Amino acid sequence: MSIPTYIIGTGGLGRGVAETVKVISERDRNWTFLGFIDDDASVVGTYINGVKVVGDTEYLLGLNTMANVIIAIANPVVKAKIFEKLSLNKNLLYPNIIHPSVHLNSSIKMGIGNIISDNVAFSANVFVGDFSLIHFNCTIGHDVEIGDYSTMYPGANISGYVKLMEKCEIGSNACILPSQVVREEAIVGAGALVKSEVISKSIVVGAPAREIIRNK
């Protein structure tokens, strides 16, 4: 039976994920991409790269048959709010979207709803929670733990034994050295070099990384 698939988000990430879904669906005939979902009323009913924006998140809440949903949103807080809303509909499934270029060895454990983009490299004994984005060309070292709703932008390098707590954002080409902890809702700026613990809800930049702001 073909399972309808919807992508939440019509921005660059959503459009890129749609291309990955097309590649996956060519290999797995049980996936049928039916359209985008967006809460911006101005785009509902329009076409994005030839695919219709079929509705908003209320549309998904109204589905009474099984469907795959991909939350293609980079912002961790927004991702969490969307899932909290949609969790009311038990017909919705949240598959992991893994580009065919990515090799997952048997020691990697992963939850639901994650997006793993082209050319991500994993070492051994990595744990990824739910709804994280690991974007193009990231490297994930051995024994890394990645909390729910985290986002790693292109080229981020996560060394061995690093722990990323929930809702972290790691900027493009940032490097986190071994055994460091990045706590909840912290942001590591692009190109930063993290040599020590990053405090919850802080923003760090530079090499070595230093705190520039603490969010409330």
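Residues numbered from 1 in each chain as written. Predicted model: local features only at pLDDT ≥ 70, side-chain atom pairs only at ≥ 80, totals over all residues. Heavy atoms only, no water.

S.K.: I tried to follow the pairing of strand E1 (residues 3–8) on my own but got confused; where do I start?
M.R.: Each regular strand shows side chains that alternate between the opposite faces of the sheet. Extensive coverage of E1 is indicated by the burial of 6 of its 6 residues. By the alternation rule, side chains of E1 split into Ile3, Thr5 and Ile7 and Pro4, Tyr6 and Ile8, which are all buried. Sheet topology places E1 next to strand E2 (residues 31–37); 6 bridges connect them, and they run parallel. Along E2, the bridge assignment pairs Ile8 with Ile37. As judged from the 4 bridges shared by E1 and strand E5 (residues 67–71), these two strands associate in the parallel manner. Bridging across to E5, Thr5 finds its partner in Asn68. (Buried < 20%, exposed > 50% of the residue type's maximum accessible area, 1.4 Å probe, protein only. Helix = DSSP H or I, 4+ residues; strand = E, 2+ residues; numbered from the N terminus. Pairing = 2+ DSSP bridges.)

S.K.: Honestly, the pattern of salt bridges in this entry has me stumped. Any pointers?
M.R.: Pairs can form between side chains of opposite charge whenever their charged atoms are close. This structure, assessed with the given rule, holds 4 salt bridges. Between Glu58 and Lys85 there is a salt bridge; the shortest N-O distance is 3.1 Å. Pair noted here: Glu58 is in helix H2 (residues 57–61) and Lys85 is in helix H3 (residues 76–86), with a separation of 27 residues, a long-range link. The class of Glu58 is partly exposed, set by a relative accessible area of 47%. A salt bridge links Arg183 to Glu197; the nearest nitrogen and oxygen atoms lie 2.6 Å apart. You can see Arg183 sitting in the loop between strand E20 (181–182) and strand E21 (187–188) and its partner Glu197 sitting in the loop between strand E22 (193–194) and strand E23 (202–205), a full 14 residues away along the chain. Given the relative accessible area of 40%, Glu197 is considered partly exposed. (Salt bridge = Lys/Arg side-chain N within 4 Å of Asp/Glu carboxyl O.)

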